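# Reading the structure
Chain residues, written in single-letter form:
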Amino acid sequence: MCLGIPGQIVAITAPERMMAMAEVSGVRREVNVACVADGPLETLIGEWVLIHVGFAMSRIDPEEAEKTLIALHELGEVAEATGQMAEADRALAQ
């Protein structure tokens, strides 16, 4: 199943490539923010976004992010998605 996972932008990592660091349930992953950037990238820090395959696809409000994360945790989807993110990061580091 393909789904977007809520994540919070915590840092801008490579502005020239439109890349930022997002945190999803304690796991950090670099994502492309081109789809959600509508001004200086620094304004995205602290914003919640829906992340799908390494791209921040849309902004969401904190309440929606919390409700979605709770529902996904209950379904076990967040653990699977964050596990896959961590595994991909380890593979890239090698």
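Throughout what follows, the structure given in this document is the object of discussion. These numbers were taken from a predicted model, which means no experiment stands behind them.

Reading guide: rules and limits
- Residues numbered from 1 in each chain as written.
- Predicted model: local features only at pLDDT ≥ 70, side-chain atom pairs only at ≥ 80, totals over all residues.
- Heavy atoms only, no water.
- Helix = DSSP H or I, 4+ residues; strand = E, 2+ residues; numbered from the N terminus.
- Buried < 20%, exposed > 50% of the residue type's maximum accessible area, 1.4 Å probe, protein only.
- Contact = heavy atoms within 4.5 Å.
- Areas by Shrake-Rupley, 256 points an atom, 1.4 Å probe, with all protein chains shown as cover.
- Core = buried A, V, L, I, M, F, W, Y, C linked by side-chain atoms within 4.5 Å.
- Pairing = 2+ DSSP bridges.
- Expected span 1.5 Å × (residues − 1).
- Arc of directions from axis to C-beta.
- Polar contact = N/O pair within 3.5 Å; in protein donor to acceptor, adjacent residues only side chain to side chain.
- Patch = residues over 30% accessible without salt bridge, like charges linked within 9 Å, V, L, I, M, F, W, Y side chains within 5 Å.
- Salt bridge = Lys/Arg side-chain N within 4 Å of Asp/Glu carboxyl O.

Along the protein, the regular secondary structure elements total 2 helices and 5 strands. The linear arrangement of helices and strands in the protein, starting from the amino end, is β-β-β-β-β-α-α. Buried residues in the protein amount to 32% of all 94 residues. The contacts of the protein with a sequence gap of at least 6 include a subset with a gap of at least 24, amounting to 43%. Accessible surface, the protein: about 5,600 Å² in total, of which carbon and sulfur atoms supply 55%.

Turning to the nonpolar core, a few remarks are in order. Counting 15 residues, the largest nonpolar core has Ile9, Val31, Val33, Val36, Leu44, Val49 and Ile51 as the members making the most contacts within it. If you list the elements that add at least two residues to this core, you get strand E1 (5-14), strand E2 (19-24) and strand E4 (48-52). Not counting the four nearest positions on each side in its chain, valine 33 is found in contact with Ile9, Met18, Ala20, Leu41, Leu44 and Ala56.

Let us now look at the pairing of E1. With 4 bridges joining them, E1 and E4 adopt antiparallel strand pairing. The partner of proline 6 across the bridge, within E4, is leucine 50. Pairing of E1 with E2 involves 5 bridges; the strand directions are antiparallel. Directly across from isoleucine 12, in E2, lies its bridge partner alanine 20. Counted along the chain from E1 to the antiparallel partner E2, the turn is 4 residues long, and its residue methionine 18 has a positive phi close to 60°.

This part takes up helix H1 (residues 62-75). Between the first and last C-alpha of H1 there are 20 Å, a value that for 14 residues agrees with the 20 Å anticipated at 1.5 Å per step. Restricting attention to buried positions, one finds in H1 the residues Ala65, Leu69 and Leu72. Here the buried residues of H1 occupy an arc of 70° about the axis, which is enough to place them on one side. For H1, the exposed residues lying more than 90 degrees away from the buried face are Glu63, Glu66, Lys67, Glu74 and Leu75. Two or three places before glutamate 63, at the start of H1, stands the capping residue aspartate 61, its side-chain oxygen 3.1 Å from that residue's backbone nitrogen.

Among the surface-exposed residues, Val53, Phe55 and Met57 lie close enough to one another that they form a single nonpolar patch of about 300 Å² accessible area. Inspection of the secondary structure puts methionine 57 in strand E5 (residues 55-60).

In this section: unusual backbone geometry. Although it is not a glycine, serine 25 adopts a positive phi angle of roughly 50°. Of note, serine 25 is situated in the loop between E2 and strand E3 (27-32). The exposure class of serine 25 is partly exposed, given its relative accessible area of 40%.

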